Amino acid sequence: MVRYGLIGYGKVAQVHAKALQQAKDSKLVAVCGRNRDKANVFADTWSISSFTDIQQMISEAKVDAVIITTPHPQHARGAVQALRAGAHVLVEKPMALTVEQCDLMIETAKEEKKLLSVISQRRWYPACRRIKEAIETGKIGLPMLGQVTMLGWRDEAYYKSDPWRGSWENEGGGVLINQAPHQLDLLCWFLGPVEQVYGQWENINHPYIEVEDSAVAVVRFSSGAMASILVSNSQKPGIFAKVHVHGSSAFSVGVQTDGGAMFVPGMSAILEPPINDLWTVAGEEGNLQTWKERDTALFESIDPVEYFFRQQLEHFTQAILGNTLLISSGEEGRETIKLIEGIYRSQKEGKPVCY
């Protein structure tokens, strides 16, 4: 049994708590946060202990692993403190705000001989796993072109729902750092390490926030692959989010990870099942309808939010227990931050950013 503690008690922490109730070989035992009253309320809800000090929580509650659910600028500090206190760390996306912070987290995990992972539950979508399998088995040749298109919406009520949203200081950015990391993670999972980024961002129709609501970019990967990125929170009520990959064999595969209004933890549900929306692999073109029916049936039979979070939590638990190799490592999370940081830097510097 792996004993978990949560660092943070906000909306997404509630999702993790619910998933841990059902997760195999896992038990939620404690929560830690700066506000004692809020930590106590969360602890009472889930019948666990509350703390305001990370090291004290890990020591006194005998915590083996922590899940970090705090606002983004606090991720790196909390992860380093937890690792040094002796716990494995699973951190909510984004891993951190900068590559430098990611490097500190990764190095600390190595020094302490602990696992470090980043939440990327969409990797467990059947539609996404089919793409990964197609790439690994050479069905599309070499993956050479990628596309991320995320057209979502966030209204003023969303940004007012938490005091940290919408500012550079407290959120660290906008659509790139908050809503897009899941699709950008998939892009890097499919195409590999990032080598060069050129990007631009803008605030189109959210005058009440400081940060960007839209961004575009062109990316070159170390494998030689290229990708285009278009992400936005400016399309009411939200259209879709898609990741497509085109191979050297001329075959293409893709996934619609989100359809309609985008999911907000604690505020809304996932409206449409994630499905493969593009598949031209020779001899498999006719599988799209079968897969859509199968994935829709799964989606309708589960709580899709809790279910896919639980898939990753159970995987992390089994990695800690030595029963499987870790997926979505700190090194992989770092690639997504390279991409995001590169877009921000590229606009500021007026040129491509090379790694």
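Since this is a predicted model, take the numbers as computed values, not measurements. (Residues numbered from 1 in each chain as written. Predicted model: local features only at pLDDT ≥ 70, side-chain atom pairs only at ≥ 80, totals over all residues. Heavy atoms only, no water.)

### So, unusual backbone geometry
Then step 1. Residues Lys-93 and Pro-94 are joined by a peptide bond in cis, for which omega reads -10°.
Then step 2. Structurally, the position occupied by Pro-94 is in the loop between β5 (88-91) and α5 (99-112).
Then step 3. Of note, the amide linkage connecting Lys-236 to Pro-237 takes the cis form, showing an omega dihedral of 0°.
Then step 4. Of note in the backbone geometry, Lys-113 takes a positive phi value of approximately 55° without being a glycine.
Then step 5. Residue position: Lys-113 is located in the loop between α5 and β6 (116-118).
Then step 6. Although it is not a glycine, Ser-328 adopts a positive phi angle of roughly 65°.
Then step 7. Along the chain, Ser-328 turns up in the loop between α10 (304-320) and α11 (330-349). (Helix = DSSP H or I, 4+ residues; strand = E, 2+ residues; numbered from the N terminus.)

### A closer look at the packing of aromatic side chains
Then step 1. Evaluated as defined, the whole model comprises 10 aromatic pairs.
Then step 2. Ring centres 6.5 Å apart and planes at 80° place the aromatic pair Trp-201 and Tyr-344 in the edge-to-face group. Taken together, the residues Trp-201 in strand β8 (residues 194-202) and Tyr-344 in helix α11 connect sequence positions 143 residues apart.
Then step 3. With relative accessibility at 16%, the residue Tyr-344 sits in the buried group. (Phe/Tyr/Trp six-rings, centres within 6.5 Å; stacked < 30°, edge-to-face > 60°. Buried < 20%, exposed > 50% of the residue type's maximum accessible area, 1.4 Å probe, protein only.)

### Some remarks on the sheet that holds strand β10 (residues 226-232)
Backbone-to-backbone hydrogen bonds join strands into a sheet, with any given pair of strands oriented parallel or antiparallel.
Then step 1. With respect to topology, eight strands assemble into an open sheet ordered β13-β12-β11-β7-β10-β9-β8-β14, the strand pairing being mixed. The open sheet is flanked by β13 (275-279) and β14 (353-354), the only strands paired with a single partner.
Then step 2. In the packing of helix α8 (residues 181-191) onto the sheet, the strands contacted are β7 (143-151), β8, β9 (214-221), β10, β11 (240-247) and β12 (252-259), and the crossing angle to β7 comes to about 175°.
Then step 3. Against the sheet, α11 touches β8, β9, β10 and β14, its axis set at about 55° to β8. (Pairing = 2+ DSSP bridges. Contact = heavy atoms within 4.5 Å. Axes fitted to C-alpha atoms, helices over the stretch in contact; angles between N-to-C directions.)

### Observations regarding the sheet that holds strand β2 (residues 26-32)
Then step 1. Strand order across the open sheet formed by six strands is β3-β2-β1-β4-β5-β6, with parallel pairing between neighbours. Of all strands in the sheet, those with a lone pairing partner are β3 (49-51) and β6, marking the two edges. Strand-to-strand twist in this sheet, taken as the mean axis angle between neighbours without regard to direction, amounts to 25°.
Then step 2. Direction of pairing for strand β1 (residues 2-7) relative to β2: parallel, over a ladder of six bridges.

### As for helix α2 (residues 36-46)
Then step 1. When α2 is considered as a whole, its buried residues turn out to be Ala-39, Phe-42, Ala-43 and Trp-46. Buried positions in α2, seen along its axis, are confined to an arc of 100° and lie on one side of it. Counted as exposed and oriented over 90 degrees from the buried face of α2: Asp-37, Val-41, Asp-44 and Thr-45.
Then step 2. Buried residues in α2 make contact with β1, α1 (11-22), β2 and β3.
Then step 3. Capping the start of α2, Asn-35 holds a side-chain oxygen 3.0 Å from the backbone nitrogen of Asp-37, two or three residues further along.
Then step 4. Trailing α2 by a residue or two, Ser-47 shows a phi angle of about 55°, which is positive. (Arc of directions from axis to C-beta. Polar contact = N/O pair within 3.5 Å; in protein donor to acceptor, adjacent residues only side chain to side chain.)

### Re the environment of Met-1
Then step 1. Checked against the element boundaries, Met-1 lands in the segment before β1.
Then step 2. A C-alpha to C-alpha distance of 6.9 Å links Met-1 and Lys-27, two positions 26 residues apart in sequence.
Then step 3. With residues near it in sequence (within four places) discarded, Met-1 still touches Asp-25, Ser-26, Lys-27 and Asp-64.

### Here's the deal with helix α4 (residues 75-84)
Working note: α-helix, 3.6 residues per turn, so residues spaced by three or four point in the same direction.
Then step 1. The buried fraction of α4 amounts to seven of the 10 residues, a majority that puts the element mostly inside the structure.
Then step 2. Where α4 is concerned, the buried positions are His-75, Ala-76, Gly-78, Ala-79, Val-80, Ala-82 and Leu-83.
Then step 3. Downstream of α4 by one or two residues, Gly-86 has phi in the positive range, about 105°.

### Section: the pairing of β12
Then step 1. In terms of burial, β12 is a largely internal element, eight of the eight residues being buried.
Then step 2. As judged from the seven bridges shared by β11 and β12, these two strands associate in the antiparallel manner. When the bridges of β12 are listed, His-244 appears paired with Gly-254.
Then step 3. Taking the residues between adjacent antiparallel strands as the criterion, β11 and β12 are bridged by four residues, where Ala-250 takes a positive phi near 80°.
Then step 4. Here β12 pairs with β13 via three bridges, running antiparallel.

As far as function goes, none of this settles anything; it's purely spatial.
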